[in-house]
Amino acid sequence: MSCTRRRLKRFRIQGMGFQVGERGELHTVPAIAWVASFVVCGLGDAMLGRWLLLPLFVAAFYGGMIIIDLVTYPMLSFWRGWLRQRGLVAWYLVEVGGLWGGTALVLLLLSPWWLEWSWNETLSLEVLGGVLLVGSVVAGTWAVAKMGWARLLFAGALFPSGAGAEENNVPQRLVVEGPYRYVRNPLYDTDFCLIVGTALLTSSWALVLVAVLYLAQLAFQLPLEELELRERFGFPYRRYCELVPRFVPRHRPVHQRDLHT
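So, a few notes on the structure that sits alongside this text. What you see is a predicted model; the values in this text were computed from it and never measured.

On to the side chain of Gln221. As for its position among the elements, Gln221 is in helix H9 (residues 205-233). Gln221 gets classed as buried once you look at its relative accessible area, which sits at 0%. Once you skip the residues sitting within four places of it in the chain, Gln221 turns out to touch Asp69, Tyr73 and Tyr188.

In structure tokens, the structure reads:
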């Protein structure tokens with residue numbers, strides 16, 4: 001086999017910043033964007049001399065996520081039918097432009113009020129919050145790099161095989177790579193720790209409330225999400241659930257081949 005053919009076997013390029021190789025998928029663009037968001041917010045707040053961009057970004061991002069989750073899985077049949085003739089771009093406009101953008105706008109307009117809702121700064125809590133935030137961003141970047149835009153933005157569930165996945169180039173494979181070899185929901189773990197870490201770092205009661213709402217929404221949404229994944233992936237996902245815990249990582253990683261035994 002020639003060197004060129006070996007490279008083609010090892011990696012198949014499936015879109016900008018998206019590779020599938022011997023170790024599974026690698027989505028570089030969303031991973032870089034995730035890290036860059038926190039770097040920009042941190043540098044901006046350092047220049048301003050106060051916490052403004054970081055708490056606003058975290059509140060808007062996860063506030064929007066809570067809204068999106070609440071209107072996606074409970075209305076999955078509706079969205080699949082409505083989007084079937086409209087395509088992936090229509091969903092991104094609704095989700096990112098409407099739901100996320102609308103949430104961010106409301107929080108921005110109300111920011112003079114909720115940004116002041118804080119407790120007196122405590123160095124030990126700030127240090128703990130900073131460690132949680134950095135650790136969560138690092139671990140979350142690993143998970144984001146394995147999931148990619150389509151899954152992160154729910155396109156996988158809204159455009160399953162035979163109902164728009166092929167036309168919209170939405171990947172339909174169960175990801176069992178990276179942190180997903182150890183825990184089923186690494187992003188939910190890191191998301192919660194990230195919100196709490198930012199709350200402690202910025203002494204924000206508003207972000208504490210966001211963390212509580214995030215847990216409440218997750219308790220409602222996760223059973224619906226797992227039901228949809230069982231229907232879409234069948235036995236491999238059921239086996240995955242048997243082998244891999246929801247939130248507490250296992251000591252030894254599982255592999256794709258373990259899902260078929």
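Positive phi is not limited to glycine here, since Phe154 has a value of about 70 degrees. Within the secondary structure, Phe154 sits in the loop between helix H6 (123-152) and helix H7 (155-158). Phi angles above zero are rare outside glycine, and Asn169 is one such case at about 55 degrees. According to the relative accessible area criterion, Asn169 is exposed, its value standing at 57%.

A few words on the layout of surface pockets. The rolling of a water-molecule-sized probe over the atoms marks out the regions of remaining empty space. Roughly 1000 Å³ of internal volume is contained in the largest pocket. Met147, Arg151, Leu152, Leu153 and Leu187 are, among the 45 residues lining the largest pocket, the residues nearest its centre. Among the secondary structure elements, those contributing two or more residues to the lining of the largest pocket are helix H2 (28-48), helix H3 (53-72), helix H5 (88-114), H6, H7, helix H8 (186-202), H9 and helix H10 (235-243). Grouping the constituent residues of the lining of the largest pocket by class yields 31 nonpolar, five polar and nine charged.

Reading the values: rules and limits
Residues numbered from 1 in each chain as written. Predicted model: local features only at pLDDT ≥ 70, side-chain atom pairs only at ≥ 80, totals over all residues. Heavy atoms only, no water. Helix = DSSP H or I, 4+ residues; strand = E, 2+ residues; numbered from the N terminus. Buried < 20%, exposed > 50% of the residue type's maximum accessible area, 1.4 Å probe, protein only. Contact = heavy atoms within 4.5 Å. 1 Å grid on protein atoms, 1.4 Å probe; cavity = no way out; pocket = protein on both sides within 12 Å on 5 of 7 lines; lining within 4 Å. Points joined across faces, edges and corners; volume = space filled by probe spheres on them. Nonpolar A, V, L, I, M, F, W, Y, C, P; charged D, E, K, R; others polar.

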